[in-house]
Each structure stands twice: as structure tokens, then as C-alpha cells.
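Now for the letters of each chain:
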Amino acid sequence: MLNRTVPQSCRLPIAIPASARIESLITQHGGFLRGPLSKVSALYPGSFDPPTNGHLDLIERGAKIFEELVVGILRNSEKSPMFSLAERLEMLKALTAHLKNVRIEAFHGLMVEYAKSINATCVLRGIRAVSDYEYELQMALMNRKLEPTLETVFMMPADKYSYVSSRLVREVAQIGGPVKGLVPEVVEQKLREKLEPAYKFHDEMQAATARSSSGKEKKKRKKKV
Ligand code: PNS
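Here's what I pulled together on the structure shown here. Remember, it's a predicted structure, so these values are computed and weren't measured experimentally.

Cut-offs applied
- Residues numbered from 1 in each chain as written.
- Predicted model: local features only at pLDDT ≥ 70, side-chain atom pairs only at ≥ 80, totals over all residues.
- Heavy atoms only, no water.
- Helix = DSSP H or I, 4+ residues; strand = E, 2+ residues; numbered from the N terminus.
- Buried < 20%, exposed > 50% of the residue type's maximum accessible area, 1.4 Å probe, protein only.
- Contact = heavy atoms within 4.5 Å.
- Pairing = 2+ DSSP bridges.
- Axes fitted to C-alpha atoms, helices over the stretch in contact; angles between N-to-C directions.
- Near = heavy atom within 4 Å.
- Polar contact = N/O pair within 3.5 Å; in protein donor to acceptor, adjacent residues only side chain to side chain.
- Areas by Shrake-Rupley, 256 points an atom, 1.4 Å probe, with all protein chains shown as cover.
- 1 Å grid on protein atoms, 1.4 Å probe; cavity = no way out; pocket = protein on both sides within 12 Å on 5 of 7 lines; lining within 4 Å.
- Sits in = over half its atoms within 2 Å of the grid points.
- Nonpolar A, V, L, I, M, F, W, Y, C, P; charged D, E, K, R; others polar.
- Expected span 1.5 Å × (residues − 1).

### Digging into the environment of Val123
Part 1: For Val123, the location among the structural elements is in strand E4 (residues 122-126).
Part 2: For Val123, a relative accessible area of 1% puts it in the buried group.
Part 3: Taking the C-alpha atoms as reference points, Val123 and Val112, separated by 11 residues in sequence, lie 8.8 Å from one another.
Part 4: Setting aside chain neighbours within four positions, we find Val123 in contact with Leu43, Pro45, Met111, Leu150, Glu151, Thr152 and Val153.

### Overview of the sheet that holds strand E5 (residues 151-155)
Part 1: Spatially, the 5 strands line up as an open sheet ordered E3-E2-E1-E4-E5, and their pairing is parallel. Looking at which strands have only one partner, the edges of the open sheet turn out to be strand E3 (102-107) and E5. Strand-to-strand twist across the sheet, computed as the mean angle between neighbouring axes with direction ignored, equals 30°.
Part 2: The sheet contact formed by strand E1 (residues 41-46) and E4 spans 2 bridges and is parallel. Bridge pairing in E4 places Ala42 opposite Cys122.
Part 3: Its contacts with the sheet place helix H3 (residues 85-95) against strand E2 (68-74) and E3, and it is angled at close to 155° to E2.

### Points about the site of the ligand
Part 1: Around the ligand, the structure places Gly46, Ser47, Leu74, Gly109, Leu110, Met111, Arg125, Tyr135, Met139, Met142 and Asn143.
Part 2: A distance of 2.6 Å separates an oxygen atom of the ligand from a polar side-chain atom of Ser47.
Part 3: Protein chains shield 72% of the accessible area of the ligand, which is 550 Å² for the free molecule.
Part 4: Spatially, the ligand is embedded in the largest pocket.
Part 5: It is helix H5 (residues 130-146) that provides the largest number of residues to the shell around the ligand, a total of 4 residues.
Part 6: Classifying every residue of the shell around the ligand gives 6 nonpolar, 4 polar and 1 charged.

### Regarding helix H2 (residues 53-65)
In an α-helix there are 3.6 residues to a turn, and that puts residues three or four apart on one side.
Part 1: Here H2 spans 19 Å end to end across 13 residues, near enough to the 18 Å set by a 1.5 Å rise per residue.
Part 2: When H2 is considered as a whole, its buried residues turn out to be Asn53, Gly54, His55, Leu56, Asp57, Leu58, Ile59, Gly62 and Ala63.
Part 3: Two to three positions downstream of the cap, the backbone nitrogen of Gly54 sits 3.2 Å from a side-chain oxygen, assigning the N-cap of H2 to Thr52.

Here you go:
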């Protein structure tokens with residue numbers, strides 16, 4: 001039998017539990033895992049048309065780990081956004097007023113150039129489900145190609161918001177459907193104001209359906225008696 005000795009450099013650290021390795025990394029680098037993040041200024045770019053509870057959840061999570069978080073609203077993200085830039089700025093400012101290290105701004109052009117102009121070294125993006133991953137990966141890699149020093153960090157919003165998107169909120173609201181719990185109250189109110197005819201029509205239809213089914217119930221009960 002060959003008596004081969006594995007060189008020290010090739011030995012796998014299988015005997016060391018993962019937790020111990022992470023701990024040693026932290027001690028070696030004097031708080032490596034927490035330290036630098038607290039000095040990072042990050043940019044959370046998006047269309048926010050409209051801001052959802054999922055966006056807010058991510059902003060709150062980001063505000064906890066980054067020294068400063070700039071929420072960058074893309075100007076003209078679509079040809080005809082439902083909310084104007086001024087409305088989105090106003091809503092997001094009101095929603096994040098309690099977060100002292102969060103700033104709301106608008107940007108146009110390349111996101112990486114805007115990030116550089118505000119000295120952000122990190123881009124925060126949310127991933128809700130596997131379906132987001134492909135698009136986000138492509139965007140992160142393109143942004144890395146454009147600006148290799150800018151890192152993209154992904155965070156997950158609370159699972160109760162994993163299906164919430166601005167697009168679906170717009171779709172439901174445009175038919176006058178309920179968006180309670182999906183968007184902050186201030187956004188819900190704005191949607192109701194903006195889409196008043198749709199909500200009025202939907203509420204009237206609901207009321208008519210309720211009236212007709214209660215009428216049928218009464219008839220049924222009469223027949224039984
Ligand atoms: O909320 P969204 O619509 O998913 O956000 C997309 C956004 C605004 C982050 C993205 O479209 C963007 O960064 N646009 C700015 C133009 C740009 O830099 N494009 C290259 C991205 S790879």
C-alpha cells in the first residue's frame with residue numbers, strides 16, 4: 001500500500017465545524033463580519049410605483065445594517081408610471097421619516113453612475129422568490145461589468161410579502177380591488193384617490209352582489225317555512 005502523506009496545504013478543514021471557522025474569522029479580523037458594513041453607504045434603487053410593504057420591509061432591514069441607505073427612485077422608469085416622481089418621493093419620504101439614516105432621492109441615467117456620485121459602495125436589492133433571481137443576477141453582473149467596485153447585496157423581505165409587487169398592486173387597484181396589507185396606508189389612500197371611479201364601481205358591484213344574495217337567502221327561507 002502506498003503511504004502518501006497529504007501536504008499540509010492540501011488538507012481539507014473537515015474536522016473544524018463551520019461555526020468555529022466563522023468565529024475564528026471574526027476574531028482574526030477583529031469583527032470582520034460586522035465592522036465594515038457599519039461604514040457602508042448603500043443605494044437601494046427602484047421604480048417604487050407605488051412603494052409596497054415589501055419595499056418598506058427591505059428599507060428597514062437595510063437601514064439596520066448600513067450606515068446610510070439612499071433610496072433612489074428611477075425617473076421615467078416606465079413611459080407612463082401610475083405615480084409621478086414627485087408623488088413617489090413624497091410617499092417614500094413620509095414612510096421613512098422615522099429612519100434617520102435613510103434618504104430618499106431621484107435619479108436618472110445609469111444606476112452605477114448615480115451610485116458613484118453619492119459615494120455608495122453597495123447596491124441593495126430584494127429577492128422575493130427564485131423567479132426574481134435570474135433578472136437580479138443578470139442586472140447585478142451587468143452593473144459589476146459597468147462598475148467593478150460596486151457590490152450588489154441581496155436581502156429577502158419578510159415571507160408574508162414574498163408575492164407582493166408594485167405591478168400586481170397596480171393591477172388589483174386598477175380594478176378597484178383591495179390592497180390593504182400589501183401597501184402602507186398612505187399608499188392605499190393615494191391609490192383610492194387616483195383610481196376613485198374604479199373603486200366606486202367595484203364597491204357598487206360588491207354591494208349589489210351582497211344585496212342579491214341576501215334576497216335569494218330570504219326567498220329560500222320563506223319557501224322552507
Ligand atoms: O424596481 P425596479 O423597476 O425593479 O428597478 C429597476 C432599476 C431601477 C433598479 C433598474 O432598472 C436600473 O437600475 N435602471 C437604471 C438604468 C441602468 O442603470 N440600467 C442598467 C441596469 S443593468
